[in-house]
Each structure stands twice: as C-alpha cells, then as structure tokens.
Amino acid sequence: DDSDDDEEEEGAGGKGKKKMWMARRSATKSKYPGMLDHIVAGGQPAGIGPMENVIKECEEEAGVPESLARDGARPAGAISYETFVRRRGSDDVDGVMSRVVLFCYDLDLPTDFVPKAMDGEVDYFFKWTMEEVMQSMDPDYPDPIKPNCYPVIIDYLLREGYISPETPGYLDVLRELRSGDCR
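The residue numbering used here restarts from 1 in each chain and proceeds along that chain's sequence as written. Confidence filtering applies because this is a predicted model: local features only for residues at pLDDT of at least 70, side-chain atom pairs given and counted only at 80 or more, and all residues used for totals across whole chains, interfaces and linings. Side-chain metrics rest on all non-hydrogen atoms present in the structure, leaving aside hydrogens and water.

> I tried to follow the pattern of salt bridges on my own but got confused; where do I start?
Once their charged atoms are close, side chains differing in charge can pair, the charge on each being opposite to the other. Salt bridges, as used here, are contacts in which a Lys or Arg side-chain nitrogen is within 4 Å of a carboxyl oxygen on Asp or Glu. With the rule as written, the count across this model stands at 16 salt bridges. In this structure, the salt-bridge partner of glutamate 57 is lysine 56, at a minimum N-O distance of 3.1 Å. Only protein chains enter the area calculation, which uses a 1.4 Å probe; residues under 20% of their type maximum are buried, those over 50% are exposed, and those in between are partly exposed. Looking at glutamate 57, the relative accessible area reads 8%, which means it is buried. One salt bridge in this structure joins glutamate 82 and arginine 99, with 3.3 Å as the shortest N-O distance. Residue glutamate 82 is found in strand β5 (residues 73-86), and its partner arginine 99 is found in strand β6 (residues 95-107); the two are separated by 17 residues along the sequence. Helix numbering and strand numbering both begin at the N terminus, where a helix is a DSSP run of H or I of at least 4 residues and a strand a DSSP run of E of at least 2.

> Is there a simple way to think about a nonpolar patch on the surface in this case?
Residues forming no salt bridge and having over 30% relative accessible area are the ones grouped into patches, like charges within 9 Å of each other and nonpolar side chains (Val, Leu, Ile, Met, Phe, Trp, Tyr) within 5 Å. Note on areas: Shrake-Rupley with a 1.4 Å probe; residue coverage comes only from the protein chains shown. A cluster of nonpolar side chains, contributed by Phe84, Val93 and Met97, occupies part of the molecular surface with about 340 Å² of accessible area. Of note, methionine 97 is situated in strand β6. On the basis of relative accessible area, methionine 97 is assigned to the exposed category, the value being 54%.

> What's the story with the packing of aromatic side chains in this structure? I'm lost.
Aromatic ring pairs are reported here in terms of the distance separating the ring centres and the angle at which the planes meet. Between 30 and 60 degrees the pair is tilted, below 30 it is stacked and above 60 it is edge-to-face, where a pair is any two Phe, Tyr or Trp rings, Trp via its six-membered ring, whose centres lie within 6.5 Å. Tallying each qualifying case throughout the model produces 3 aromatic pairs. Summarising the aromatic geometry, the rings of tyrosine 124 and phenylalanine 126 are spaced 6.1 Å apart at their centres and angled 50° between planes, so their arrangement reads as tilted. The exposure class of tyrosine 124 is partly exposed, given its relative accessible area of 41%. In this structure an aromatic cluster arises from ring pairing among Tyr124, Phe126, Trp128 and Tyr141.

> Please clarify how the nonpolar core should be interpreted in this entry.
Residues Met22, Ile79, Trp128, Val133, Ile145, Ile153 and Leu157 are the most contacted members of the largest nonpolar core, which totals 24 residues. Broken down by secondary-structure element, the contributors of at least two residues to this core are β2 (16-25), β5, β6, β7 (122-129), α3 (130-136) and α4 (149-159). The element best represented in this core is α4, accounting for 6 residues. Contacts are assigned to residue pairs with any non-hydrogen atoms lying within 4.5 Å of each other. Residue contacts for valine 133: discarding those within four places in its chain leaves Met20, Trp128, Ile153 and Leu157. Remark: nonpolar core denotes a set of buried residues (Ala, Val, Leu, Ile, Met, Phe, Trp, Tyr, Cys) joined through side-chain atoms within 4.5 Å.

> Looking at this model, I keep getting lost on the layout of surface pockets. Mind explaining?
Gaps between atoms show up when a probe of the same size as a water molecule is rolled over them. Cavity means a closed set of points on a 1 Å grid over the protein atoms alone, one where a 1.4 Å probe fits but cannot get out, pocket means an open set with protein on both sides within 12 Å along at least 5 of 7 lines, and lining means a residue has an atom within 4 Å of a point. Grid points are joined across faces, edges and corners, and a volume is the space filled by probe spheres set on the points. By volume, the largest pocket is sized at about 960 Å³. For the largest pocket, the lining is made up of 36 residues, of which Lys31, Tyr32, Tyr81, Lys146 and Asn148 are closest to its centre. Listing elements by their share of the lining of the largest pocket, those giving two or more residues are β3 (36-38), β4 (40-41), α1 (50-62), β5 and β6. Following the grouping adopted for this structure description, the nonpolar residues are Ala, Val, Leu, Ile, Met, Phe, Trp, Tyr, Cys and Pro, the charged ones are Asp, Glu, Lys and Arg, and the polar ones are all others, Gly among them. Here the lining of the largest pocket is composed, by residue class, of 14 nonpolar, 8 polar and 14 charged.

> What am I meant to see in the side chain of serine 136 here?
On the secondary structure map, serine 136 appears in helix α3. Residue serine 136 is classed as buried on the basis of its relative accessible area, which comes to 0%. Those residues within four positions of serine 136 in sequence are excluded, and the remaining contacts are Trp128, Tyr141, Ile145 and Tyr150.

> What is the right way to read α4 from this model?
Working note: α-helix, 3.6 residues per turn, so residues spaced by three or four point in the same direction. Counting buried residues in α4 gives 8 out of 11 residues, a clear majority hidden from the surface. Every buried residue of α4 is accounted for by Cys149, Pro151, Val152, Ile153, Asp155, Tyr156, Leu157 and Leu158. At the exit of α4 stands glycine 161, carrying a positive phi of roughly 85°.

Next up, the structure:
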C-alpha cells in the first residue's frame, strides 16, 4: 500500500493550498538509499487488510497515531504494472518479470501534525507544495524519487486535477497506471 499525505494550508485570501508530505529515505536502506519517498508506504502482508496495513505503516514509519490514520486515510484506488527486474550483479538480460499492484490511500492530516521518523527507514520528512511535486515528475529533476512512487504520485495528480484531460497523452497515462496483470 502507498499513502500520500495532502493537506490544505491557509494562503493569501483564505484559500487553501495543498501540500504533500515527502520523506528522505535512510542512506542505510538496501534499496534506493537516500532517495525521496512517500510519507508512508509498505508491502502488503498476508493476514491483514490493506486499510489495517496503512494504519500500521503510518504509525511504524511516520509516528501517525492510529486514530489520525484511521480517520484520515481514504482508499483511492490501485495501480498495477509489470516491470523487468535484473538479477543483482547481472548486466545481462537475466532476470524476471515482476507484477506489481499498489493499493493507494490518501491521508489527510491536521496542518499542525509533523511526522516523526520512527523505524530507521526515513531520515526526515518535509512538505512540498503541489508545484514542487509537479516539478519533481520531470525526468531531469536533480533529486530523484524512488521509482515506484512516480505512478502513485501521478495517479494522485490526475485524480486531483493537477494534470488535466487537455494534457497530451492523458488517456495513455491513465491506461498505463492500470496496465499490469492483477491476478
């Protein structure tokens, strides 16, 4: 499951302006050390439902109390895709196809809430304006995001209207976000 936090802050004229909490992954992580990440994400274990996993991950990774996670998390759909994963240390075409399904949740938090790095997976959290989020989607952005975060963020930007149907390739992107085999 993956959770993005968006919140509105009062701006000039009283109109709310959304922001998104992001994380800097720990430099000691075995995968994607030091890269940017969602506020909360985690694999889906057997034996618990996706919402319970979101609540568990919120507390474990970002110190979000159970009550805030339970009240603030909303199911927002799923993303599926397939990707080729090379075997470690291999430059050949040696690897496997990986099928991925990400259950997405939006997480609304109070404006005065500040996440805390709890389990050593994150160095720190910070907030981005939606303009900064959009800029980070540029392939040439100098501070890359963990690869599987891009489709989740793009899905959010589509659902919230930051990417409009007038954008070239809009329908292609929508289709690709759900192109993986979910069996």
